[in-house]
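Report on the structure
Spelled out from the first residue to the last, the chains are:
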Amino acid sequence: CIKLAVSAGVFSFFNTESPTLNNVKVRQALSGYIDRPLISELSGGVSALYSPILGISSGKEEIMSVDNARKLIAEAGWTFDANRSVFVRDGQDLKLSLVTGDSDDYFLAANELAKKWKDIGVEVTVTQASTSELQANYFINKTYDILLYGISLNEASDPYAYWSSAAATAKGLNFSGYKSAASDADLDVARTKLDPSERKIRLERFVKRWSEDTPAAGLYVPSIQVVY
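Residues numbered from 1 in each chain as written. Predicted model: local features only at pLDDT ≥ 70, side-chain atom pairs only at ≥ 80, totals over all residues. Heavy atoms only, no water.

1. Remarks on the pattern of salt bridges
- For the structure on display, the rule yields twelve salt bridges.
- Put simply, Asp-186 and Arg-205 hold a salt bridge, and the shortest N to O gap is 2.7 Å. Here Asp-186 is found in helix H7 (residues 181–192), whereas its partner Arg-205 is found in helix H8 (residues 196–213), with 19 residues between them in sequence.
- As a salt-bridge pair, Glu-204 and Lys-200 come within 2.5 Å of each other at their nearest N and O atoms. Of this pair, Glu-204 and Lys-200 both sit in helix H8, four residues apart, roughly one helical turn.
- Residue class for Glu-204 comes out partly exposed when judged on its relative accessible area of 35%.
- Assessed through its relative accessible area of 45%, Lys-200 is described here as partly exposed. (Salt bridge = Lys/Arg side-chain N within 4 Å of Asp/Glu carboxyl O. Helix = DSSP H or I, 4+ residues; strand = E, 2+ residues; numbered from the N terminus. Buried < 20%, exposed > 50% of the residue type's maximum accessible area, 1.4 Å probe, protein only.)

2. Describing the sheet that holds strand E3 (residues 47–48)
- On the basis of which strands lie adjacent, the open sheet formed by six strands has the order E3-E10-E2-E9-E7-E8 and mixed pairing. Edge strands, defined here as strands with exactly one partner in the open sheet, are E3 and strand E8 (123–129).
- Two strands pair when backbone bridges link them, and strand E2 (residues 8–14) and strand E10 (residues 216–221) are joined in this way by four bridges, in the antiparallel orientation. Directly across from Val-10, in E10, lies its bridge partner Tyr-220.
- Across the sheet, helix H4 (residues 104–118) touches E2, strand E7 (95–101), E8, strand E9 (146–152) and E10, and the angle it forms with E8 is around 170°. (Pairing = 2+ DSSP bridges. Contact = heavy atoms within 4.5 Å. Axes fitted to C-alpha atoms, helices over the stretch in contact; angles between N-to-C directions.)

3. Topic: unusual backbone geometry
- Although it is not a glycine, Asp-90 adopts a positive phi angle of roughly 50°.
- Within the secondary structure, Asp-90 is located in the loop between strand E5 (86–89) and strand E6 (92–93).
- Taking the relative accessible area as the measure of exposure, Asp-90 reaches 75% and is therefore exposed.
- Even without being glycine, Lys-142 reaches a positive phi, approximately 55°.

4. Focus: helix H5 (residues 131–139)
- Buried within H5 we find Leu-134, Tyr-138 and Phe-139. One side of H5 carries all its buried residues, which in axial view fall inside an arc of 75°.
- Residues of H5 that are buried make contact with E7, E8 and E9. (Arc of directions from axis to C-beta.)

5. Some points on the packing of aromatic side chains
- If you walk through the whole model with that rule in mind, you get twelve aromatic pairs.
- When the centroid spacing of 5.6 Å and the interplanar angle of 40° are considered together, the rings of Phe-11 and Phe-13 count as tilted.
- On the numbers, 5.3 Å between centres and 70° between planes, the contact of Phe-139 with Tyr-149 is edge-to-face. Of the two residues, Phe-139 sits in helix H5 while Tyr-149 sits in strand E9, which places them ten residues apart along the sequence. (Phe/Tyr/Trp six-rings, centres within 6.5 Å; stacked < 30°, edge-to-face > 60°.)

6. Brief notes about the environment of Val-86
- Secondary-structure assignment places Val-86 in strand E5.
- Taking relative accessible area as the criterion, Val-86 reaches 2% and is therefore assigned buried.
- It is 18 Å that separates the C-alpha atoms of Val-86 and Ile-34, two residues lying 52 residues apart in sequence.
- If near-sequence neighbours (up to four positions away) are discounted, Val-86 is found in contact with Thr-79, Phe-80, Asp-81, Asp-93, Leu-94, Gly-121 and Glu-123.

7. Quick notes on the packing of helix H1 (residues 24–32) against helix H3 (residues 66–75)
- Running from N to C, H1 and H3 cross one another at 165°; their axes reach a closest spacing of 8 Å. For the element pair H1 / H3, the angle class is roughly antiparallel. The interaxial crossing formed by H1 with H3 has left-handed handedness. Contact with H1, carried on its side by Lys-25, Gln-28 and Ala-29, involves Ala-69, Leu-72, Ile-73 and Glu-75 of H3 and no other residues of that element.
- For the contact of H1 with H3, the class distribution of residues is four nonpolar, one polar and two charged. (Parallel < 35°, antiparallel > 145°, perpendicular 65-115°, else oblique. Left-handed = near helix turned anticlockwise from the far one by under 90°. Nonpolar A, V, L, I, M, F, W, Y, C, P; charged D, E, K, R; others polar.)

Quick look at the structure:
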C-alpha cells in the first residue's frame, strides 16, 4: 500500500468578515502557530502545505513562538488573562467557531488546530457537517469563523476561482471572503497570459501578498492510498 499525492490542498479558511478575524494580526497569529507537518501526518497527507499554489513557496515554514503569536493578538486589541490562559476583550473570551466536513482526516486536523491554538489563548469549537449541510448552512451564508476544507490545486484549476474578490459571493468559492484589488490584478493576468514566465511572476507576487494578508492557512496536501 502506498500513498500518492493528490493535486489538492486542505486549508484553514479564515472568514475575513468575522468580527474577530477581520484583523490581520489575529489571522497571522493563528496561521503562524500551526504544526503543519504533524497535521499532515495525522490526517494522512503526503506533505505540509504553506502556499495557495503548489510549487510556489510562501517563504514561511517555521512555527511561530507562543510569545510572538500572543504578541500579535495583543496588538489586535486583546488582553491575555494569564490566570485562565485565554485572551479577553470587553468582557468576552476570544472564541472561534470552526466547521469542517464529515471526513475523519478533516476532523483530526481540526482538533489538532483547536488544541494548538488553545496554547496561545484562543478557544475553538469544532463542528462537523455533511456536504449537504456545508452547502446549505455554511458556504452560502459564511456562518463560520474558520472553515477547514480541501480545494483542487491542479494546474487546470484556476486560483482566481478561490481567491479573487469576484468569487467572494454566496455562490462563489472564495471561502475566506478575501478581497484585494492588487491580488485580483495579478490573478487576472496569470489566468489570461500565455507567457509562462509572466504567469509565474504574477503568481509569485500573489502568493507573497496572500501570505501577508493571511486569508487562510495551508495545512497539508492530501493523498489517496493505492494497494498493489
